[in-house]
Structures are given as structure tokens and as C-alpha cells.
Amino acid sequence: MSDIVKITKVRGTAVPIRGNDIDTDRIIPARYLKEATFARMGDYPFFDERFDASKKKKDHPFNDPEYKGASILFVNKNFGCGSSREHAPQALYRFGIQAIVGESFAAIFAGNCTMMGLPTVVVGAKEIAQLMKSVEDNPRTEYIVDLESKTISFGSQKMAIELPETYRTALTKGFWDSTALLRSNLNEVKKTAAKLPYMTGFTRS
Amino acid sequence: MAGRTLYDKIWQSHSVGVLPTGQTQLFIGLHLIHEITTAPAFDMLRENGMDVPFRERTFATVDHIVPTDIRKRPFLDSEAEELIQALERNVEQFGVEFFGIDSMNQGIVHVIGPQLGLTQPGMTLACGDSHTSTHGAFGTLAFGIGTSQVRDVLATQTLAMDKLNVRRININGELGAGVYPKDVILYIIRRLGVSGGKGFAYEYGGPVIDRMNMEERMTVCNMSIEGGALVGYVNPDQTTFDYLKGRPHVPKGDGFDRAVEYWRSVASDADANYDEVVSYDGKEIEPTVTWGINPGQSVGISEKLPTPEESVDPEGVKKAYEHMGWKPGAPILGTPVNVAFIGSCTNGRLADLRAAAKIAKGRKVNANVRALVVPGSAEVKKLAEQEGLHEVFIEAGFQWREAGCSMCLAMNPDKLNGREISASSSNRNFIGRQGSPQGRTLLMSPAMVAAAALNGKVVDAREYE
């Protein structure tokens with residue numbers, strides 16, 4: 001929390017998870033939220049889609065040895081909808097995912113990811129189809145997500161990526177872990193609070 | 001100059017300043033916490049030697065993991081016991097007021113905030129739970145947040161936030177008999193889509209919303225996030241003030257009058273400028289039931305299930321059919337039901353239990369159905385028992401439980417088994433949501449759940465009106 005870490009580039013192989021509206025209950029089933037720390041979350045992403053009741057592996061990109069070691073996740077629309085559980089991005093991050101590229105992300109999920117230093121970046125429908133095909137054709141393809149030039153590149157290809165400018169600044173300037181920054185303004189916070197009627201018991205000024 | 005929305009007004013009065021990221025540092029007037037999303041946040045405070053500077057603005061309870069039958073400590077589930085102990089240690093160490101398992105104020109965090117009068121118009125509110133939008137029913141800007149943000153609120157009473165656009169949603173005319181607020185919000189989500197609210201705060205209004213009582217408005221605001229909107233709210237009015245008067249944390253006497261003056265002032269101006277306006281006719285809304293794997297996949301009770309081809313997302317519809325096992329084109333009426341769940345932050349309040357009890361009274365739950373009623377708070381349970389609702393439910397064959405989130409997300413022992421089909425008054429029909437990876441959930445109003453419980457299948461609850 002004390003050291004400023006700037007996140008400008010993620011380089012690595014990728015793994016695709018196809019489908020719209022993949023909710024955080026699917027990313028991490030609620031029973032794992034009973035653990036009091038995030039330490040073991042990396043064991044659980046997509047657990048019920050990856051394993052059957054007897055813990056036997058099912059067909060799933062996160063089980064596929066071809067995608068082992070991937071650090072970039074490709075997804076479709078509205079990824080991470082539903083529950084605000086930060087366990088979902090924690091599970092993906094601790095599994096090894098360092099950037100997510102998709103058509104769109106749910107609001108709370110994208111905010112949670114950014115605060116952990118995990119960029120969520122947006123490309124168009126055509127572009128994500130092309131990216132998914134490229135990794136399925138050759139899982140060893142290496143991609144570079146570059147937040148400074150706002151591009152994703154692989155081989156000879158380069159595509160534009162989008163993300164809110166505030167998130168981009170937070171990541172690239174190292175303000176994504178916001179507590180210290182917010183806390184440095186505590187005096188201003190107290191002044192704002194003092195002007196709110198409900199903070200002063202609705203007494204007349 | 002055009003008038004301002006409630007969102008604009010509260011945003012402005014709570015802005016501390018602009019951060020180097022371009023985000024606004026927003027003061028949070030009320031912070032509600034529970035056992036699930038907080039433990040790592042408190043750990044981070046300890047690691048960094050930070051205190052909770054506005055600890056009197058944070059209130060804690062236990063809801064997600066608590067058993068609703070045997071409440072004896074230690075809980076039979078050792079993980080749940082460890083988590084509740086962690087919260088007990090944290091609130092003790094950081095000096096946060098706590099409504100524990102035996103407190104008369106215990107309950108689902110979104111039920112107890114309003115009930116205690118903690119939730120008030122013109123406030124900002126945050127809670128590590130996506131259904132925090134419930135509190136928007138009071139004209140409160142209420143944000144569902146993640147654990148890192150819980151840490152920020154504890155350590156600074158602020159959040160780094162981006163401003164949203166405001167979409168006004170009018171429900172005009174009136175609702176038909178036997179059509180409930182749950183049907184209204186399911187209808188809105190179906191129309192606007194599960195991601196249609198991305199980037200928006202939803203302001204609900206129009207004659208149908210104006211006539212709703214506070215419990216009904218809470219049901220509508222509760223599911224804003226299921227439509228992709230982080231925030232949902234209703235402008236405060238006399239209904240709001242009447243509900244709040246006399247509640248424990250609401251000022252009394254002259255203080256109340258001054259509070260009402262402030263509360264009135266935060267409502268959107270008549271000429272407020274909205275980024276978007278959509279309007280629906282209340283008469284178009286039928287009792288609504290979800291058939292798929294997200295809350296946008298629903299139909300009116302008289303309709304048939306859609307075909308993948310007529311959907312904007314054929315692959316998503318196919319995935320839903322694959323999980324649910326229905327046939328496209330089949331009627332929703334008559335869909336079998338094995339479990340009935342009445343409760344949750346969406347529909348676990350007194351008005352919800354009354355609506356269900358009205359239908360259950362003097363009738364019997366179908367022999368093939370396991371039916372649970374889980375009040376949203378200890379107070380709701382007490383009030384329901386004073387009216388004799390528990391006897392109505394018990395005589396009909398429902399189990400009458402203690403307060404908690406229960407089978408909405410099945411973090412306690414209340415779960416679906418195998419491929420069971422649940423008629424549920426909760427908010428999410430996601431795959432695995434109710435505790436079985438193969439389980440199936442049909443979302444509907446409490447009245448519709450009660451009717452489904454009696455019949456062992458989906459029926460039109462208006463038959464009982």
C-alpha cells in the first residue's frame with residue numbers, strides 16, 4: 001500500500017472465456033467467500049465450471065494445458081456482473097491473470113479490478129472475436145496490452161483499447177491503491193462533513 | 001439554467017475534491033458492513049496502522065452466513081463461525097457499533113438500515129454488497145462496493161468515484177391487481193437489459209412509483225444493479241418522511257422538521273436535466289417470472305418462453321436453455337417447482353410476508369415442495385408474529401425461520417439440492433446461486449412464490465386475488 005506501483009504494460013499469453021453476462025457467482029461460487037482472507041482464492045476461479053461434484057476436471061479453458069501460464073483474459077459483454085464480491089477479481093488475479101480484455105465490464109467488477117491494479121480494457125465485438133480466434137488458433141501467441149499507447153498488439157497486428165481515463169491514470173500513475181491518497185485529504189474530508197446537515201444533527205447554522 | 005437532479009445535488013454537497021486521477025473524492029455519510037466482504041479490509045487497516053476516523057458512521061451486522069434454524073454458538077459450520085468471530089474482533093478493536101446474532105436489530109443489512117432510520121434522504125451510503133441500491137428508495141445515493149473500497153471508507157470515510165449519468169425511468173398509469181413492485185423491476189430489467197444501466201444512476205418516478213410505500217420502493221431500487229446500474233433512487237416525498245418519523249436514528253421534535261426541510265431540498269427539481277428518460281405504462285406489466293440464468297431473462301405469466309433466434313443474444317439464450325432444461329416456446333405457466341423461498345433484501349420485509357400470507361392462509365403447501373419463509377430482520381420477524389403471520393405460514397406447511405440472507409445466496413445451510421427448481425423472491429437466478437451448481441431458480445414476487453408453493457408449479461397468483 002505504501003509503495004507506488006505504476007502499471008503501464010501487461011505482456012503474456014492469453015486465455016479466452018466465451019459468453020456474455022458471466023456473473024461473479026460463476027467466477028467464484030459463494031461458498032468460498034467464507035474464507036476470511038483472499039490467500040487461497042487462486043484455487044477457485046470458475047470452480048463449478050472446471051470441476052464436477054467429485055472434483056473431476058471438466059472441459060474448460062482454465063483447465064486446458066494449452067493456456068497454462070496465460071496472463072491476459074479475453075471475455076465478451078458485461079463480464080463480472082452481479083455480486084460485488086472482490087473475491088472474483090482476486091481469484092482471477094491470483095490464478096495469474098494480470099489484464100482482462102473484453103467487450104464490456106460490469107461497473108463494480110471493473111472498479112474492484114482497477115483498485116487491485118488489474119486493468120480491464122474494452123475492444124469492439126469484431127476485435128474481441130479476432131483476439132479470441134487468434135489465441136484459439138495459437139495459444140502460444142504473445143500479446144502486449146499497453147495502457148500508455150492504449151493498444152493491444154500481437155504478431156504484426158495492433159488494435160485500439162478503451163478504458164475510462166480516470167482508471168488509466170490511476171493505473172499508469174500508480175494511484176490505483178487509493179487509500180493513502182484519500183487519507184492525505186482527511187482535513188478536507190472533515191470540512192466537507194461539517195457542512196452536511198445530517199452530520200451536525202440538523203442544528204441551524 | 002435547467003434544474004438539478006437529486007444525484008447532482010448530493011454529489012456536489014458530498015464532494016471533497018478532485019483527485020489526481022480525475023476522480024472525485026466523495027464523502028460517505030453512512031457505511032454499513034457485514035461479515036463477508038470486510039475481514040480483508042480490516043486486515044489491511046491493521047497492516048498499515050490505520051484507524052477508522054468516522055467510526056460512529058459505520059454500523060455492522062451479520063446476515064450472509066448466519067443459520068436461520070439453529071442459532072447456537074459456535075455455529076455448526078466452522079468456517080461461518082470463524083468469519084463471525086473475525087467480525088466480532090474487528091468491530092471491537094475499531095470501535096464500530098455491532099448488531100450481533102442475538103441483537104433485536106440483527107438482520108439483512110439492507111433491511112435494518114431503513115428500519116432503524118439510519119438510512120436517510122440526502123445522504124451518501126456505501127456497503128460491501130451490490131444490493132446497497134436498496135437504500136436509494138429514500139433518496140439516498142447508495143453504492144455497492146468491493147472490499148478495497150470498504151477499506152477506503154473505513155480508513156477515510158470517502159471513496160474515489162466517477163460521476164454517473166442519470167436515466168429517469170417513469171412508470172405511468174397504474175398497476176393491475178396482483179401486480180407487485182417485483183414485477184415492475186423485473187419488467188424494467190427485461191426492457192433495458194442486464195447491462196443497460198452501465199454508467200447510469202436510475203431515478204425511478206411516475207405515478208406508479210409515487211403511490212408505492214417505502215417497502216415497495218425498496219424492492220424496485222434493490223434490483224437496480226441487476227440492470228447494470230450502480231445506483232437507483234426515488235425522490236423523497238411525504239411517504240418517505242412518514243416512514244422515517246419516530247425511527248430510532250431519526251431526529252425528533254424540531255430536529256425532525258429541520259431534517260424534513262433538508263430532505264425536501266435534495267429531491268430532483270421539476271425542470272431537472274436528465275441524460276435519458278424512458279417511460280413505461282404500468283398496465284403493460286404482468287406478474288413476471290424469470291426463466292433463464294440472469295434477471296433479464298423473464299416473461300410475463302401469460303407468455304411463452306422465447307426462442308434463441310428472437311433474442312439479441314442467441315448464444316446466451318442457448319446457454320440458459322442448456323442449464324434450465326426447458327424447451328423454447330413452452331409456456332412459463334405450469335413449470336414445476338420443488339422449493340419455495342420467501343425472503344432476501346429484495347422481498348423479505350413485512351409487506352412481502354403479508355402478501356404471501358394472504359395467499360397461503362387456510363391452504364396447504366404442495367407435498368412435493370420444500371417451502372421456507374425467512375424474515376429480513378429480527379424486527380420483521382417480531383412484527384410478523386404479532387400479526388400471526390407465522391401461524392398462517394406454519395399451518396400451511398412453510399418453515400418459519402430466523403432472519404438472514406439464507407437461500408438467496410446459500411452461504412448458510414439453506415441450499416438447493418441437485419437439479420431442484422426454486423421459486424424464489426430473491427434477486428438472482430445465476431447458475432449455482434442458490435447453492436447447487438445444477439440448481440435452477442425462478443425469480444418472482446412473494447405472492448407468486450406462495451402460489452407456486454401451494455401448487456408445486458408456476459401459477460398466476462392473481463387467481464387468489
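Given the structure is predicted, the values throughout are model-derived calculations rather than measurements.

Draft legend 1. Representation of the interface of chain B and chain A. With 72 residues of chain B at the contact, the number on the chain A side is 53 residues. When chain B packs against chain A, close to 5,300 Å² is buried across both sides, 62% of that on carbon and sulfur atoms. Connecting chain B to chain A are four salt bridges. Put simply, chain B and chain A have 21 residue pairs in polar contact (both at pLDDT 80 or more) between them. Counting only elements with at least two residues in the side of chain B that touches chain A, the list comes to strand S1 (15-18), strand S2 (24-27), helix H2 (39-47), helix H3 (78-94), helix H5 (147-156), strand S8 (158-161) and helix H10 (254-266) of chain B. A total of seven residues in the side of chain B that touches chain A trace back to one element, the largest contributor, which is H5 of chain B. Its residues assigned to classes, the side of chain B that touches chain A comprises 32 nonpolar, 24 polar and 16 charged.

Draft legend 2. The arrangement of the sheet that holds strand S6 (residues 143-146) of chain A in detail. Residue and element names in this part refer to chain A. Here we have four strands laid out as an open sheet, ordered S1-S6-S7-S8, and antiparallel in their pairing. Among the strands making up the open sheet, the edge pair consists of strand S1 (9-12) and strand S8 (157-160). Adjacent strand axes in the sheet meet at a mean angle of 15°, parallel and antiparallel pairs treated alike. In terms of strand pairing, S6 meets strand S7 (residues 151-154) through four bridges, oriented antiparallel.

Draft legend 3. Main features of the nonpolar core. Judged by nonpolar contacts, the single largest core of 221 residues is most densely connected at Phe74, Phe79 and Ile100 of chain A. With eight residues, the top contributor of residues to this core is helix H16 (residues 446-455) of chain B. Core analysis: the second largest hydrophobic core is formed by seven residues, Val374, Met407, Cys408 and Leu416 of chain B among them.

Draft legend 4. Broad picture of the sheet that holds S8 of chain B. Residues and elements named next belong to chain B. An order of S1-S2-S8 is seen for the three strands of this open sheet, with the pairing classed as antiparallel. At either end of the open sheet lies a strand with only one pairing partner, and these are S1 and S8. Taken pair by pair, the neighbouring strands of this sheet meet at an average axis angle of 25°, ignoring direction. As defined by bridge partners, S2 adjoins S8 across four bridges and the pair is classed as antiparallel. Each bridged residue has a counterpart across the sheet, and for Thr24 the counterpart in S8 is Met161. Taken strand by strand, helix H1 (residues 6-13) contacts S1, S2 and S8, and its axis lies near 75° from that of S1.

What counts and how
Residues numbered from 1 in each chain as written. Chains lettered and ligands numbered in written order. Predicted model: local features only at pLDDT ≥ 70, side-chain atom pairs only at ≥ 80, totals over all residues. Heavy atoms only, no water. Contact = heavy atoms within 4.5 Å. Buried area = accessible area lost by both parts, 1.4 Å probe. Salt bridge = Lys/Arg side-chain N within 4 Å of Asp/Glu carboxyl O. Polar contact = N/O pair within 3.5 Å; in protein donor to acceptor, adjacent residues only side chain to side chain. Helix = DSSP H or I, 4+ residues; strand = E, 2+ residues; numbered from the N terminus. Nonpolar A, V, L, I, M, F, W, Y, C, P; charged D, E, K, R; others polar. Pairing = 2+ DSSP bridges. Axes fitted to C-alpha atoms, helices over the stretch in contact; angles between N-to-C directions. Core = buried A, V, L, I, M, F, W, Y, C linked by side-chain atoms within 4.5 Å. Buried < 20%, exposed > 50% of the residue type's maximum accessible area, 1.4 Å probe, protein only.

Read these as geometric descriptors, not functional statements.
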